[in-house]
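Given next are the chains, with one letter for each unit.
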Amino acid sequence: ATLLPRQRVDPPIIGTFHSVCRMWLGERQGAPVAIADDECRADIMADALALTTVSAGKKPSVQTAVDVVVQAKQMLLGPDDDIGPAAEGQDPTLLACIYESYQHLLACQQLMDFEDLILNTVRTLKGDREWRKALAERFSHLFVDEFQDINIGQYRLLRLLAPGPAAELCVIGDPDQAIYGFRGSDVRFFSRFSKDYPGARTVQLRQNYRSTETILTAAQQVMQHHRIVLDDAPPLLVYTSTQGPATVDILSSPSERAEAVAIGRTIEQMVGGTGFHALDFDKVDGSDASHAHGFRDFAVLFRTAEQGRLLSETLRAAGIPCQWADRQTFRSAEGVRPLLALLRLLADQGGYADLNQVSHLKAPGISRETLARFKQWAYQKQLPLVQAMNMAMRLPITDLGTRRQKRLADLVRFIESLKTACAGLTLAETIDRCIAHTTLINRIGEEQAAWFKAQADGRPNDIGAFVAAQVMQSDTDVYRAQVEQVALMTLHAAKGLEFEVVFVAGCEEGLIPHATYGSRPSDPDEERRLFYVAMTRARQHLFLCWAGRRRMHGKTQARRHSRYIQSIDDGLVRKVALSGKPVHRQLPLF
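This one's a predicted model, so the numbers in the text were calculated from it and none came from an experiment. Starting afresh in each chain, residues are numbered from 1 along the sequence in its written order. With pLDDT at 70 or above as the cut-off, local features in this predicted model cover only qualifying residues; side-chain atom pairs require 80 or more to be listed or tallied, and sums for whole chains, interfaces and linings still use all residues. Side-chain metrics in this entry use all non-hydrogen atoms of the structure; hydrogen atoms and water are not considered.

## Considerations on the domain arrangement of the protein
Okay, so step 1: Annotation of the protein at the domain level lists domain 1 (36–111), domain 2 (248–276 + 290–325 + 479–576) and domain 3 (330–475).
Okay, so step 2: Inter-centroid distance (C-alpha atoms) of domain 1 to domain 3 is 26 Å.
Okay, so step 3: Contacts are assigned to residue pairs with any non-hydrogen atoms lying within 4.5 Å of each other. At the interface, 12 residues of domain 1 touch 15 residues of domain 3.
Okay, so step 4: Across the domain 1 to domain 3 interface the summed buried area is about 1,200 Å²; carbon plus sulfur atoms make up 53%.
Okay, so step 5: Here, a salt bridge means any side-chain nitrogen of Lys or Arg that lies within 4 Å of a carboxyl oxygen of Asp or Glu. Counting every contact that joins domain 1 to domain 3 gives six salt bridges.
Okay, so step 6: Its salt-bridge partner being Arg-331, residue Glu-39 comes within 3.2 Å of it at the nearest N-O pair.
Okay, so step 7: Here a polar contact is taken to be a pair of N or O atoms separated by no more than 3.5 Å, where protein atoms must pair a possible hydrogen donor with a possible acceptor and residues adjacent in sequence count only if both atoms sit in side chains. The tally of links from domain 1 across to domain 3 stands at nine residue pairs in polar contact (both at pLDDT 80 or more).
Okay, so step 8: The set of elements that each furnish at least two residues to the side of domain 1 that touches domain 3 consists of α2 (38–51) and α4 (92–108). Throughout the structure description, domain borders are defined by an automatic or database domain assignment. Buried area adds together the accessible area that both of two parts lose upon being put together, with accessible area traced by a 1.4 Å probe. Going along the chain from the N terminus, every DSSP run of H or I of four or more residues is numbered as a helix, and every run of E of two or more is numbered as a strand.

Printed below as a string of structure tokens:
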């Protein structure tokens, strides 16, 4: 913003593909778009499966059906299209019926899911020339970051808004960082872009301003002979003028717990000592007298949630403050989902699944059986939630009974009274009130409540926009950069971030590259690019860690280090094998 001219003009719209599409769709329909979150989507899919009859065979699981519908939408396929390419070996005819029922139930609740945002925008733009023209004129200049990660729906959207060769369109990306093929991204859109916009000028950004020469050289050696070549152009060689440690450290430990302790002890040494009695770390010298490290300078990256749990447990037990930047982990914490559901209901953007989440925020609570009967009645009458709630206070509901309906009406009145009480409050004050006047006051943790209020700080007083933003969040959005804590996150979540010191845990075959039990990596080249992304998150220090034995798939197995480590020249690495024997001493705190 500081680089823009200080003129009285409308600021540029900055957002993800999904958030911008939500804005456009909301403008078009004259009301904000309500988005079903993951839990609501699964609940609706379970209902769709229950409504679908099967003459032979068996129905897919809820998760399988969700995955197929997500992939179909990413491919811009509706239930009336041939969804065979997305069916993953399942019966496409059956899945199309389930998909159609799912969409009907979404529409009944006046909801869209995450993938609908782009699908519906693309389909509407294709069918509405005037709207397409209006948006193209309104947004005459388009900029797209992380272009290597776009999928067919996102590319089709760009083509609709900037169809001609004279379009004012700028895209930026790095093919070596293409790591989202599993969700439909395709790096070949670089080549397609060159064909669709033959007059486009290519600018190569060669200088890396983040990592040291050692780290960058090691990372490029990992990618050597595996780089993506586009249109026969030579691979881009990046350089840096940043100097630092002469080696990358490779830490080998006897077990996964010893690996976690090794990481913690190294962090302790580099910060100044916080209370570990652990391994013989005299061999590992991460100290740097010229630079005092704080906990937020460190990131520990890993491939699986199981690794994350052990690392979090071990570091916290040692008194090392850390934050796990994982959206699902955060949302699974007690009180988080009920608070989000309550906020959606206050914004009139909730679904029937949200009533289940808030059913015990006021005593006495309501049974799931009561809510299930209420939802069944509303489905039969094709009523969205707000209308059904209003009718529940005025009309008798079939099969509910007087006692059950009274409790339901009490809950509806409570939500309405809270909505009235929050009118005129700031977003942070609304969150405070929702916690203080419900059972959340004894359920939600201080850390989670503080996160919500920090997210609300400085935002417009728009509850609907706030809860929609939470649905569209990625793992990276959960990370709080200003908090003095070690960051724990998956390799994917680290994309776009940088840290002074990075540990990549579990650099072993089966984890990096990742492979399900007894199988080969599905895409070893994408896994290699993911490792490259992880390495290049480090500014000064990079530690590649692996364990000789690790419990995997219920069994303790002997492990060997990742094939990707072998790509790094011996002269660039320092290998440290840690014994795992305890030493009874403690570094001073400072």
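## Here we look at the pattern of salt bridges
Okay, so step 1: Inspection of the entire model under this criterion finds 42 salt bridges.
Okay, so step 2: Arg-257 serves as the salt-bridge partner of Glu-313, at 3.3 Å between the closest nitrogen and oxygen. Taken as a pair, Glu-313 in helix α11 (residues 305–317) and Arg-257 in helix α10 (residues 256–271) lie far apart in primary sequence, 56 residues in all.
Okay, so step 3: Only protein chains enter the accessibility calculation, which uses a 1.4 Å probe. A residue is then buried if its area is under 20% of the maximum for its type, exposed if over 50%, and partly exposed in between. Owing to a relative accessible area of 46%, Glu-313 belongs among the partly exposed residues under this scheme.
Okay, so step 4: Arg-257 gets classed as partly exposed once you look at its relative accessible area, which sits at 43%.
Okay, so step 5: Residues Glu-509 and Arg-563 are paired through a salt bridge, measuring 2.7 Å at the closest nitrogen-oxygen approach. Residue Glu-509 is found in the loop between β7 (499–504) and α22 (524–535), and its partner Arg-563 is found in the loop between β9 (555–558) and β10 (573–577); the two are separated by 54 residues along the sequence.

## A short note on a nonpolar patch on the surface
Okay, so step 1: The grouping of Ile-172, Val-203 and Leu-205 at the surface amounts to a nonpolar patch, some 280 Å² of accessible area in total.
Okay, so step 2: Position of Ile-172 relative to the elements: it lies in the loop between β2 (168–171) and α8 (189–196).
Okay, so step 3: On the accessibility criterion, Ile-172 (39% relative accessible area) is partly exposed. Note that patches include only residues with greater than 30% relative accessible area and no salt bridge, and the join distances are 9 Å for like charges and 5 Å for nonpolar side chains (Val, Leu, Ile, Met, Phe, Trp, Tyr). Each accessible area is a Shrake-Rupley estimate made with a 1.4 Å probe; only the visible protein chains count as cover when residues are assessed.

## Quick word on the pairing of strand β1 (residues 141–144)
Okay, so step 1: Burial of the side chains of β1 is restricted to one face: Leu-142 and Val-144 are buried, whereas none of His-141 and Phe-143 on the reverse face is.
Okay, so step 2: The rule for pairing is simple: two strands pair if DSSP sees at least two bridges between them. The sheet contact formed by β1 and β2 spans four bridges and is parallel. The partner of His-141 across the bridge, within β2, is Glu-168.
Okay, so step 3: A clockwise path from the first strand over the helix to the second, with the strands pointing away from the viewer, defines a right-handed crossover. For the handedness criterion, the β-α-β arrangement of β1, helix α7 (residues 152–161) and β2 is classed as right-handed.

## Digging into the environment of Asn-461
Okay, so step 1: Position of Asn-461 among the secondary structure elements: in the loop between α19 (446–456) and α20 (463–471).
Okay, so step 2: Owing to a relative accessible area of 46%, Asn-461 belongs among the partly exposed residues under this scheme.
Okay, so step 3: Sequence separation of Asn-461 and Leu-400 is 61 residues, and the distance between their C-alpha atoms is 37 Å.
Okay, so step 4: Once residues within four sequence positions are removed from consideration, Asn-461 is found in contact with Gly-424, Leu-425, Thr-426 and Leu-427.

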